[in-house]
Amino acid sequence: MKDKRNMRRAAYLARQEKEGKKTVMWIVAVLVILALCFIGYAAVIMS
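Residues numbered from 1 in each chain as written. Predicted model: local features only at pLDDT ≥ 70, side-chain atom pairs only at ≥ 80, totals over all residues. Heavy atoms only, no water.

**Student:** Break down the overall build of the protein chain for me, with residues and values.
**Tutor:** Within the protein chain, the secondary structure is distributed over one helix and zero strands. By element, 71% of the accessible surface of the protein chain is carried by carbon and sulfur atoms, the whole surface being about 4900 Å². (Helix = DSSP H or I, 4+ residues; strand = E, 2+ residues; numbered from the N terminus. Areas by Shrake-Rupley, 256 points an atom, 1.4 Å probe, with all protein chains shown as cover.)

**Student:** Talk me through the pattern of salt bridges; I want residue IDs and the actual numbers.
**Tutor:** Counting across every chain of the model gives one salt bridge. Lys-21 is the partner of Glu-17 in a salt bridge, and the nearest nitrogen-oxygen pair spans 3.5 Å. Of the two residues, Glu-17 and Lys-21 both sit in helix α1 (residues 2-46), four residues apart, roughly one turn of that helix. A residue is classified by how much of its surface remains accessible, and Glu-17, at 48% relative accessible area, is partly exposed. Here Lys-21 falls in the exposed class, since its relative accessible area comes to 54%. (Salt bridge = Lys/Arg side-chain N within 4 Å of Asp/Glu carboxyl O. Buried < 20%, exposed > 50% of the residue type's maximum accessible area, 1.4 Å probe, protein only.)

**Student:** An account of a nonpolar patch on the surface is needed here, citing residue identities and associated values.
**Tutor:** Taken together, Val-24, Val-28, Val-32, Leu-36, Phe-38, Ile-39, Tyr-41 and Ile-45 make up a surface patch of nonpolar side chains, about 840 Å² in accessible area. For Tyr-41, the position within the fold is in helix α1. (Patch = residues over 30% accessible without salt bridge, like charges linked within 9 Å, V, L, I, M, F, W, Y side chains within 5 Å.)

**Student:** With reference to specific residues and values, describe the environment of Asn-6.
**Tutor:** Within the secondary structure, Asn-6 sits in helix α1. For Asn-6, a relative accessible area of 46% gives the class partly exposed. A sequence separation of 13 residues divides Asn-6 from Glu-19, and the C-alpha atoms of the two residues are 20 Å apart.

Interpretation in functional terms is not warranted from these geometric data alone.
Structure below.
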C-alpha cells in the first residue's frame, strides 16, 4: 500500500515538474515576443 502511494507521488511530482517547465518556457517565449514588438514599435516611433 505504501509503495503504491510512493509511486503515485513520484509520478505526480514528475508530471508537475514537466508542466512547470513547460509553463516557464511559454512565459519566456511570450516575453521575448513582446520585447521584439516593443523594439519594432520604438524603431518606428524614433524614425
